Amino acid sequence: METICPIDRKCASQISVLLHPSPPPLQVQEYFEELISSRQCRGIKVKQNGEFGKGVYADLDFKEDELILKDPMLVGIQHPSNKIDCLVCSFCFQFIGSIELQIGRKLYLQSLGLSASKVCDKEGISKDFCDSNSADEEDDCYVKECKRLRKCASSSPNGKVTLPKGVVQSLMNGELVLPHSEKFSLPPAISCPGGCGEAYYCSKTCAEADWESSHSLLCTGERSEALSREALSKFMQHADETNDIFLLAAKTISFTILRYRKLKAAHLKRQNKYTDPVELDCAELSLLLEAWKPVSIGYKRRWWECISLPDDVDRSDETAFRMEVRDLAFTSLQLLKAAIFDQECEPLFSLEIYGNIIGMFELNNLDLVVASPVEDYFLYIDDLPDPEKGEAEEVTQSFLDALGDGYSVCCQGTAFYPLQSCMNHSCCPNARAFKREEDKDGQATIIALRPISKGEEVTISYIEEDLPFEERQALLADYGFRCRCTKCLEEDTQLISKQEHIKKKLGFGEV
Ligand SMILES: C[S@@+](CC[C@H](N)C(=O)[O-])C[C@H]1O[C@@H](n2cnc3c(N)ncnc32)[C@H](O)[C@@H]1O
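These notes cover the structure that comes with them. Here the structure is a predicted model, which means the values were calculated and not measured. (Residues numbered from 1 in each chain as written. Predicted model: local features only at pLDDT ≥ 70, side-chain atom pairs only at ≥ 80, totals over all residues. Heavy atoms only, no water.)

With respect to the helices, strands and loops of the structure, Glu 64 is situated in the loop between β2 (53-58) and β3 (67-71). For the pair formed by Glu 64 and Ile 452, sequence separation is 388 residues and the distance between their alpha carbons is 7.6 Å. Non-local contacts of Glu 64, meaning those with residues more than four positions away in its chain, are made with Ala 448, Leu 449, Arg 450 and Pro 451. (Helix = DSSP H or I, 4+ residues; strand = E, 2+ residues; numbered from the N terminus. Contact = heavy atoms within 4.5 Å.)

Structure (structure tokens):
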């Protein structure tokens, strides 16, 4: 298949405006100042002309362990396979429902994984499980969600449910309350207003915010604003089967389209006139540029050029590998285009922009992690004094056994954090991304590792910084650069003089 995207040719000039050059420094500065003040975090600044381009600098003195930044994500996703383990808000990523629902849902999904070879009804739900409660089947919102997750569940290991189905169901529907679980109360799980049965929220506010930010275009439910829900499901299935980074790219594109539509509506209201919406005239391009600004700030390269070569691919096959990655992105883009294409935002559907968005995720430090309250719950039970502990364990132990080793799996995903992604790496960092007890959602949290003085650059480590020099460099090659932090420059110099010393000793010195 030839992977030249026709849009790339047609929109070449708009694409190059979207990608090059990045917004003027003054605009970038204003953008970051607004962002920092919206986060009520006035102790930092973003500077653009540091040794490694943009960087975050302390604008106040910070003490050791002090919070430097809480950074909400621009876009984020929970890994599809992680959805089996954790039910979280699809917007802020905090755990929702109840301890009982978290445990019951996981055991239920494990049971579906086990029953992959069993006879299923036409909806793809395990008959064996559903038959026990067929009257409630249609009302059970989690059954709908399970349709999509079932594929992941069937590949999940050791999903062995030893508890009776009725017990699992009574955990899910709230009939069975576990001892002391009220101390770990969670926000209720609110279904997606679009009716997809795949997204859940901790509040109406989060549901609305997600709908406005990207979900109205990416919802597969009846109220979806996608062009074709069928095409959208195909796109999602392809992403689930290949690389979930495409889901993040789709969110980024939806986010930009919806921002563009809002900006355009406000612009037309100001102008008090209606222009032909088909042609991208100058005003529309500048609105698209404005909508794209939060994404334009991210450090980008084309995905197929910056992705590191997997260990099992030989150097001689590198070109073919990169072509394959490009073809995969092309296929995904065609599926997305069929689902949510918007003529006025046509350049966003070019392979060049798609490749750069995915490359941005590939190159930035993006892990989304939220600790599980189920782990806290079982630790609490374990710490209870006797006889309370014994009494509680009489009920909880069987659930712990059924859950197995994976009882404490945290919410895991990928996200783009606008300020954290400006933080440069150091192998001797003065800060780190670290979730404290009170950090219960998907925001990035940056904490000072030692006192940081006003004016000093705030650095984090993208990798395990205690590894030997060459191993660190190899890991950072995955992020597309060779580290030039003070520690690496020193160790590099030491390594060179050591090598020269050996050469001289062996008689290979300079002549
Ligand atoms: C997540 S971005 C950090 C922000 C970036 N400086 C910018 O201008 O957008 C990571 C990129 O910054 C540069 N960088 C960060 N830390 C570095 C280091 N210790 N040595 C060399 N380059 C570094 C590399 O180009 C890397 O790919």
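The next subject is the pattern of salt bridges. Inspection of every chain in the model, using the stated rule, returns 21 salt bridges. Between Arg 302 and Glu 352 there is a salt bridge, with its nearest N and O atoms 2.9 Å apart. Here Arg 302 is found in the loop between α11 (282-296) and α12 (303-306), whereas its partner Glu 352 is found in helix α14 (residues 351-363), with 50 residues between them in sequence. What makes Arg 302 partly exposed here is its relative accessible area of 29%. Overlapping salt bridges, with partners in common, bring together Lys 70, Arg 436, Glu 438 and Asp 439 in one network. (Salt bridge = Lys/Arg side-chain N within 4 Å of Asp/Glu carboxyl O. Buried < 20%, exposed > 50% of the residue type's maximum accessible area, 1.4 Å probe, protein only.)

Applying the stated criterion across every chain, the model contains 11 aromatic pairs. Their ring planes at 85 degrees and their centres at 5.5 Å tell us that Phe 246 and Trp 303 sit as a pair that is edge-to-face. Here Phe 246 is found in helix α10 (residues 245-271), whereas its partner Trp 303 is found in helix α12, with 57 residues between them in sequence. One exposure class covers both Phe 246 and Trp 303, and it is buried. In this arrangement the basic side chain of Lys 337 is found over the ring face of Phe 341, its NZ or CZ atom lying 5.5 Å from the centre. Its end group placed over the ring of Phe 434, Arg 432 keeps NZ or CZ at 4.2 Å from the ring centre. (Phe/Tyr/Trp six-rings, centres within 6.5 Å; stacked < 30°, edge-to-face > 60°. Lys NZ or Arg CZ within 6 Å of the ring centre and 35° of its normal.)

From the geometry alone we can't say anything about function, so treat these as descriptive.
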